[in-house]
Amino acid sequence: MRRDELNRAIHDLYRAEHEALGERGGYELLERARQWNLAPTLAAGGVIVFPHAGVADCGHQIAAAVHACLDSGADRVLVISVLHAWNDEMEQARRRVAAGGSPSAERYWGIQGPGLQRGNEWQLDHALYSFRFFWELETRRRGIRGPQVIERYPYLAGGHPELLPGIEELIELAQDAVIVSTADPFHHGIGYGDPPEQSFAPAEGGLELARQTIEEGMQLLANGDYWGYNQHCVRAKSDARDAGQVFRFLRGPLQGEILDLVASDATQLYQSPPPTWVAAPLVRWTKVTV
């Protein structure tokens, strides 16, 4: 499947999943998300990271991040999003950087988003599809406009998020904003190129492998090892190599904790046999005082 075909397939799938969920299902997931109170984490300078896999599987985790933003008391929410490679040039640039190439040599190096002039590939992305859905539902139910939401999409951090074009704006925005981010940090199975003998169903060791792998990456990020984290994301098939580096740089020392971990099936999307799935965690990053 070409990348443009995959993009259309993902958006078609997301629309179908949200139509099946409906408003009633959305509000049920928003209620389920109340099991966590994450607003104090954001208010204290921490970060909440939610997945963007199938909404029926992980929508309650995404809804928890929405509640956290709305309950935090902040006037501004900075969403550091994943930016997927939607054309071959983006993918090859990502590979060159992972192989040690200079990000500054690549045309996609930098931070995209609404109101910026650094490319419009972010408009193709699905990473915040469900976040926007739950945000609209919950602000409507509460009868509020809600805080200002600013979406930003870094690409090719390459171990040096401090050098990304546009990072100065984020440093300024982060001074009086809460920060949330998104990540699907472990893609696994036949549809993602793993050999059959090394592909594990979630209930047959897959989720345990996912947790271990994700926590290894979280420790690298907690240590501020941006390049090590970048290379971990390559191995783990994590889409958050850039977003993770950026929010860690903006907030400084953090300690991460997986609050919830589920699997989201991707066999239909990739038209591949099982096991083909994505690990979807809800992660709380707490600000560390040094």
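Treat the numbers as computed from the prediction; the structure is a model and nothing was measured. Numbers given to residues run from 1 along each chain, matching the order in which its sequence is written. In view of the model being predicted, local features appear only for residues whose pLDDT reaches at least 70, and side-chain atom pairs are presented and counted only at 80 or more, with totals across whole chains, interfaces and linings using the full set of residues. Neither water nor hydrogens contribute to the side-chain values; these are computed over all heavy atoms in the structure.

## Concerning the overall build of the protein chain
Across its full length, the protein chain holds ten helices and eight strands. For 290 residues, the compact-globule estimate of 2.2 N^0.38 gives 19 Å, and the C-alpha radius of gyration of the protein chain, at 18 Å, lies within 12% of that figure. If you line up the protein chain on its principal axes, its C-alpha atoms span 50 × 45 × 35 Å. Among the 290 residues that make up the protein chain, the fraction classed as buried is 58%. Excluding contacts between residues fewer than 6 apart, the proportion of contacts in the protein chain whose partners are at least 24 apart in sequence is 81%. For the protein chain, the accessible area works out to roughly 12,500 Å², and carbon and sulfur atoms hold 48% of it. When charges are counted, Lys and Arg contribute as positive and Asp and Glu as negative, whereas His and the chain ends are disregarded. Charge placement uses NZ in Lys and CZ in Arg. For Asp and Glu, CG and CD serve respectively. Side chains of the protein chain give 27 positive and 38 negative charges; the mean places of these two sets differ by 3 Å. The way it works is that DSSP assigns letters per residue, a run of H or I at least four long becomes a helix, a run of E at least two long becomes a strand, and they are numbered from the N terminus. The globule rule used here is 2.2 Å times the number of residues to the 0.38 power, and the radius of gyration it is set against is calculated over C-alpha atoms. For the exposure calls, accessible area comes from a 1.4 Å probe over protein chains only, and a residue counts as buried if that area is under 20% of its type's maximum, exposed if over 50%, partly exposed in between. When checking whether two residues touch, look at their non-hydrogen atoms; a contact exists if any pair is within 4.5 Å. Only the protein chains shown count as covering a residue, and every accessible area follows the Shrake-Rupley method with a 1.4 Å probe.

## A few points about the side chain of Asp239
Its location among the elements puts Asp239 in the loop between helix H8 (226-236) and helix H9 (241-251). The working definition used for a salt bridge is a side-chain nitrogen of Lys or Arg within 4 Å of a carboxyl oxygen of Asp or Glu. In this structure, Asp239 is buried with no salt-bridge partner, the nearest side chain bearing the opposite charge being Arg94 at 7.7 Å. One polar contact links Asp239 to His52, side chain to side chain, over a distance of 2.9 Å. A distance of 3.3 Å separates the side chain of Asp239 from the side chain of His84, its partner in a polar contact. In contact with Asp239, not counting residues within four places along its chain, are His52, Val82, His84, Ala183, Asp184 and His187. Under the rule applied, a polar contact is a pair of N or O atoms within 3.5 Å (in protein, one hydrogen donor and one hydrogen acceptor; residues adjacent in sequence only if both atoms are side-chain atoms).

## Observations concerning helix H1 (residues 3-32)
Here the expected span of a helix is defined as 1.5 Å times the quantity of residues minus one. With 30 residues, H1 should reach 44 Å at 1.5 Å per residue; the first-to-last C-alpha distance of 34 Å falls well below that figure. Bend is computed residue by residue as the angle between axes fitted to the seven residues ending at the residue and the seven residues starting at it. The largest bend along H1 reaches roughly 85° and is located at Gly22.

## Looking at the packing of H1 against helix H3 (residues 55-71)
Relative to each other, H1 and H3 sit at 50°, their axes nearing to 9 Å. The angle between H1 and H3 places the two elements in the oblique class. Crossing hand, H1 versus H3: right-handed. Across the interface between the two elements, Glu17, His18, Leu21, Leu29, Leu30 and Arg32 from H1 touch Val55, Gly59, His60, Ala63 and His67 from H3. Residue polarity follows a fixed list, in which Ala, Val, Leu, Ile, Met, Phe, Trp, Tyr, Cys and Pro are nonpolar, Asp, Glu, Lys and Arg are charged, and the others, Gly among them, are polar. When grouped by side-chain class, the residues that make up the contact of H1 with H3 number five nonpolar, four polar and two charged. Only the stretch in contact is used when a helix axis is fitted, and all axes are lines through C-alpha atoms; the angle between N-to-C directions ranges over 0 to 180 degrees. Under this scheme an angle from 65 to 115 degrees is roughly perpendicular, one under 35 degrees roughly parallel, and one over 145 degrees roughly antiparallel; angles in between are oblique. By definition, any crossing whose near helix is turned counterclockwise from its far helix by less than a right angle is left-handed, and any crossing with a clockwise turn is right-handed.

## Some words on the nonpolar core
Definition used in this section: a nonpolar core is a set of buried Ala, Val, Leu, Ile, Met, Phe, Trp, Tyr and Cys residues joined via side-chain atoms within 4.5 Å. Formed by 49 residues in total, the largest nonpolar core has its most connected members in Leu38, Phe50, Phe131, Phe134, Val180 and Leu282. The leading source of residues in this core is H3, at ten residues. Apart from the residues within four sequence positions on either side, Val180 is in contact with Leu42, Val47, Ile48, Phe50, Cys69, Val77, Leu78, Val79, Ile80 and Phe131. Membership of the second largest hydrophobic core comes to 38 residues, among which are Phe186, Met218, Cys233 and Ala279.

## Some points on the environment of Ser104
Looking at where Ser104 falls in the secondary structure, it is placed in the loop between helix H4 (88-98) and strand E3 (110-112). Counting along the chain gives 53 residues from Ser104 to Ala157, while the straight-line C-alpha distance between them is 9.6 Å. Side-chain polar atoms of Ser104 contact the side chain of Ser102, separated by 2.7 Å.

## Quick look at the pairing of strand E5 (residues 178-182)
Counting buried positions over the five residues of E5 gives five, a clear majority of the element. Across the two faces of E5 the burial is the same, with Val178, Val180 and Thr182 and Ile179 and Ser181 all buried. Any two strands between which DSSP finds at least two bridges are classified as paired. The pairing of strand E1 (residues 47-50) with E5 spans four bridges and is parallel. Its bridge partner being in E5, Val47 is matched across the sheet by Ile179.

## Structural notes on H4
Taken together, the buried positions of H4 are Met90, Glu91, Ala93, Arg94, Val97 and Ala98. Seen end-on, H4 carries its buried residues on one side only, within an arc spanning 160°. Its buried side turned inward, H4 meets H1, strand E4 (148-155), H8 and H9. Among the residues of H4, the N-terminal cap falls to Asn87, whose side-chain oxygen and the backbone nitrogen of Glu89 are separated by 3.1 Å. With its phi angle positive at about 110°, Gly100 sits one or two positions after the end of H4. What the arc describes is the spread of directions from the helix axis to the C-beta atoms.

## Some words on the pattern of salt bridges
Here the structure, examined in full by the defined rule, presents 23 salt bridges. Between Glu23 and Arg140 there is a salt bridge whose closest N-O contact spans 3.1 Å. Taken together, the positions of Glu23 in helix H1 and Arg140 in helix H5 (residues 129-142) put the pair 117 residues apart, joining distant regions of the chain. Among the salt bridges present, the one from Glu89 reaches Arg107, with a minimum N-O distance of 3.4 Å.

From the geometry alone we can't say anything about function, so treat these as descriptive.
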